[in-house]
Amino acid sequence: MPTAMYPGSFDPVTRGHLDIIKRSSKMFDRLIVAVLNNSAKTPLFTVEERVQMLKECCADFPNVEVMGFDGLTVNFAKKNHATVMVRGLRAVTDFEDEIQLAHTNHALMPGIETVFLATSIKWSYLSSTIVREAAHYRHDVSKFVTPNVEAALKKKIEEGKA
Ligand code: ADP
């Protein structure tokens, strides 16, 4: 059974991401949730904060590890012996970017395969951007994120960072 990697920004992790983690953790012996430290984006949460929140959320999944990384995802996958990339597809609008990414990763590292999971309909509209927006305008985000993430968002708002 190959090791799988679920890469993303997770800024912050949503219940949609957790649904993908839960489902894919049943499909592979080992799942690495890889949190990208993307220098091109200015995230709300530092990579350390995002990793910490994900670790709390994944505590009940014994075969899931959470790690931060920078650089190319395929290099990080190779370093950790992961041969499958897991990605979630919310709507047809995700498809174009995701297929380009999958082909690029395969071209860069032919041993890598990408597996797409159709997101649960319940979370198909949800994105980290929506969560950040809603939290910024003081909306209740408990439907979208777990209590630890909700608390972290509140803290950022109080600090005037969100
Ligand atoms: P990225 O910056 O790589 O797009 P994200 O954290 O936004 O990072 O997403 C990581 C992965 O999770 C992507 O495959 C994305 O399609 C998927 N994803 C994002 N939101 C949801 C959701 N609501 N339900 C399921 N999968 C999702």
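Since the structure is predicted, the reported quantities are computational estimates derived from the model, not experimental observations. (Residues numbered from 1 in each chain as written. Predicted model: local features only at pLDDT ≥ 70, side-chain atom pairs only at ≥ 80, totals over all residues. Heavy atoms only, no water.)

Visitor: So what exactly am I meant to see when it comes to the site of the ligand here?
Guide: Looking at the ligand, there are 17 residues lining it, with Tyr6, Ser9, Gly88, Thr119 and Leu126 nearest. Interatomic distance of 2.9 Å between a backbone N/O atom of phenylalanine 10 and an oxygen atom of the ligand. The contact in question runs from an oxygen atom of the ligand to an N or O atom on the side chain of lysine 41, over 3.4 Å. Protein burial of the ligand: of its 550 Å² of free accessible surface, 87% is covered by the chains. Secondary-structure elements contributing two or more residues to the shell around the ligand are strand 1 (3–8), helix 1 (15–25), strand 4 (82–89) and helix 4 (92–108). (Near = heavy atom within 4 Å. Polar contact = N/O pair within 3.5 Å; in protein donor to acceptor, adjacent residues only side chain to side chain. Areas by Shrake-Rupley, 256 points an atom, 1.4 Å probe, with all protein chains shown as cover. Helix = DSSP H or I, 4+ residues; strand = E, 2+ residues; numbered from the N terminus.)

Visitor: Sorry, what's going on with unusual backbone geometry here?
Guide: Trans is the prevailing form of peptide bonds, just as negative phi is the prevailing case for residues other than glycine. The linkage connecting aspartate 11 with the following residue, proline 12, adopts the cis geometry, with an omega of 0 degrees. By secondary structure assignment, the location of proline 12 is in the loop between strand 1 and helix 1. You will see that phenylalanine 10, though not glycine, has its phi angle at about 50 degrees, which is positive. With respect to the helices and strands, phenylalanine 10 occurs in the loop between strand 1 and helix 1. By relative accessible area, phenylalanine 10 is classed as buried at 3%. (Buried < 20%, exposed > 50% of the residue type's maximum accessible area, 1.4 Å probe, protein only.)

Visitor: How should I be thinking about the sheet that holds strand 3 (residues 64–69) in this particular structure?
Guide: Here we have five strands laid out as an open sheet, ordered 3-2-1-4-5, and parallel in their pairing. Of all strands in the sheet, those bounded by a partner on one side alone are strand 3 and strand 5 (113–118). Strand-to-strand twist of the sheet, defined as the mean angle between neighbouring strand axes without regard to direction, takes the value 30 degrees. Bridge count between strand 4 and strand 5: six bridges; the pairing is parallel. Its bridge partner being in strand 5, methionine 85 is matched across the sheet by threonine 114. (Pairing = 2+ DSSP bridges. Axes fitted to C-alpha atoms, helices over the stretch in contact; angles between N-to-C directions.)

Visitor: Please explain the nonpolar core as it appears in this structure.
Guide: Looking at soluble globular proteins, one finds that nonpolar side chains tend to be buried together. One finds Ile21, Leu31, Val33, Leu54 and Leu153 to be the most contacted residues of the largest nonpolar core, which totals 37 residues. Contributing elements (two or more residues each) for this core: strand 1, helix 1, strand 2 (30–36), helix 2 (47–57), strand 3, strand 4, helix 5 (128–136) and helix 6 (147–158). The contact partners of valine 33, leaving out residues within four places of it in the chain, are Tyr6, Phe10, Ile21, Leu54, Val64, Glu65, Val66 and Met67. Within the second largest apolar cluster, 13 residues are counted, among which are Ile32, Met67, Ala77 and Met109. (Core = buried A, V, L, I, M, F, W, Y, C linked by side-chain atoms within 4.5 Å. Contact = heavy atoms within 4.5 Å.)

Visitor: Explanation requested: the pattern of salt bridges in the structure shown.
Guide: Counted according to the given criterion, the structure contains nine salt bridges. Between aspartate 19 and arginine 23 there is a salt bridge, with its nearest N and O atoms 2.9 Å apart. With aspartate 19 and arginine 23 both in helix 1 and four residues apart, this pair spans about one turn of that helix. Lysine 154 is paired through a salt bridge with glutamate 150; the nearest N and O atoms lie 3.9 Å apart. Within this pair, lysine 154 and its partner glutamate 150 are both found in helix 6, separated by four residues, close to a single helical turn. Looking at lysine 154, the relative accessible area reads 49%, which means it is partly exposed. (Salt bridge = Lys/Arg side-chain N within 4 Å of Asp/Glu carboxyl O.)

Visitor: What's the story with the pairing of strand 2 in this structure? I'm lost.
Guide: Working note: regular strand, side chains alternate between the two faces of the sheet. With six of seven residues buried, strand 2 lies mostly within the body of the structure. Here six bridges tie strand 1 to strand 2, and the two strands are oriented parallel to one another. Bridging across to strand 2, proline 7 finds its partner in alanine 34. With helix 1 bridging strand 1 and its parallel neighbour strand 2, the resulting β-α-β unit is right-handed. For strand 2 and strand 3, the ladder comprises six bridges, and the chain directions are parallel. Paired with valine 33 across the bridge in strand 3 is valine 66. (Right-handed = clockwise from strand over helix to strand, strands pointing away.)

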